[in-house]
Amino acid sequence: MAALGSPARTLRGLLRELRYLSAATGRPYRDTAAYRYLVKAFRAHRVTSEKLCRAQHELHFQAATYLCLLRSIREHVALHQEFHGKGERSVEESAGLVGLTLPHQPGGKGWEP
């Protein structure tokens, strides 16, 4: 993680990931304990008049790290579902999986002039 960005952007990203997770369960994400905890923690660690607020920066770094973890897990699951082995595939299916097409013979298989 090169730059953290703003805490509001990190919170919005975390809430977006909660929405993705709650879509699978069918429960509204605002009814979860994770939502209540995140909002409470971000409200408790708002920027104060102090020049250096270590607790606020620590929370932001941990939240950004957790956001990276949640996003990576979601993307990993999507890739795993797309490319997971489903047993033996035909040559045409394997070529299509990587974006290739096989050449077509005019008369079909075993065609001779």
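Residues numbered from 1 in each chain as written. Predicted model: local features only at pLDDT ≥ 70, side-chain atom pairs only at ≥ 80, totals over all residues. Heavy atoms only, no water.

A. Seen up close, the overall build of the protein. Check the secondary structure of the protein and you find four helices and zero strands. In the protein, the succession of helices and strands from N to C terminus is α-α-α-α. Counting every position in the protein, which comprises 113 residues, the buried fraction comes to 21%. When the accessible surface of the protein is summed, it comes to about 9,400 Å², and 58% of that surface belongs to carbon and sulfur atoms. (Helix = DSSP H or I, 4+ residues; strand = E, 2+ residues; numbered from the N terminus. Buried < 20%, exposed > 50% of the residue type's maximum accessible area, 1.4 Å probe, protein only. Areas by Shrake-Rupley, 256 points an atom, 1.4 Å probe, with all protein chains shown as cover.)

B. Focus on helix α1 (residues 7–25). In this model α1 runs 27 Å from its N-terminal to its C-terminal C-alpha over 19 residues, within 8% of the 27 Å that 1.5 Å per residue would give. All of the buried residues in α1 are Thr-10, Leu-11, Gly-13, Leu-14, Leu-15, Glu-17, Leu-18 and Ser-22. Just beyond α1, the residue with positive phi is Gly-26, at close to 85 degrees. (Expected span 1.5 Å × (residues − 1).)

C. Highlighting the pattern of salt bridges. On inspection of all chains with the given rule, the structure shows two salt bridges. For the salt bridge of Arg-71 with Glu-17, the shortest nitrogen-to-oxygen distance reads 3.9 Å. Residue Arg-71 is found in helix α3 (residues 54–83), and its partner Glu-17 is found in helix α1; the two are separated by 54 residues along the sequence. Exposure remark for Glu-17: the relative accessible area of 3% places this residue in the buried category. Among the ionic pairs, Arg-74 bridges to Glu-17, the shortest N-O distance being 2.8 Å. Taken together, the residues Arg-74 in helix α3 and Glu-17 in helix α1 connect sequence positions 57 residues apart. A residue is classified by how much of its surface remains accessible, and Arg-74, at 32% relative accessible area, is partly exposed. When salt bridges that share partners are traced, they join Glu-17, Arg-71 and Arg-74 into one network. (Salt bridge = Lys/Arg side-chain N within 4 Å of Asp/Glu carboxyl O.)

D. Layout of the nonpolar core. Residues Leu-14, Leu-15, Leu-18, Tyr-35 and Phe-42 are the most contacted members of the largest nonpolar core, which totals 14 residues. Going through the elements one at a time, α1, α2 (33–44) and α3 are the ones with two or more residues in this core. Broken down by element, the residue count for this core peaks at five residues, all from α2. (Core = buried A, V, L, I, M, F, W, Y, C linked by side-chain atoms within 4.5 Å.)

E. Geometry of a positive patch on the surface. A grouping of Arg-9, Arg-12, Arg-16, Arg-19 and Arg-30 is seen on the molecular surface, where their side chains present a positively charged patch. Relative to the helices and strands, Arg-16 resides in helix α1. (Patch = residues over 30% accessible without salt bridge, like charges linked within 9 Å, V, L, I, M, F, W, Y side chains within 5 Å. Lys, Arg positive; Asp, Glu negative; His and termini not counted. Charge placed at Lys NZ, Arg CZ, Asp CG, Glu CD.)

F. Main features of the packing of aromatic side chains. For the coordinates displayed, the defined rule picks out one aromatic pair. Ring geometry for Tyr-29 and Tyr-35: centres 5.5 Å apart, planes at 90 degrees, overall edge-to-face. Assessed through its relative accessible area of 15%, Tyr-29 is described here as buried. One residue, Arg-19, lies across the ring of Tyr-29, its end atom 5.4 Å from the ring centre. (Phe/Tyr/Trp six-rings, centres within 6.5 Å; stacked < 30°, edge-to-face > 60°. Lys NZ or Arg CZ within 6 Å of the ring centre and 35° of its normal.)

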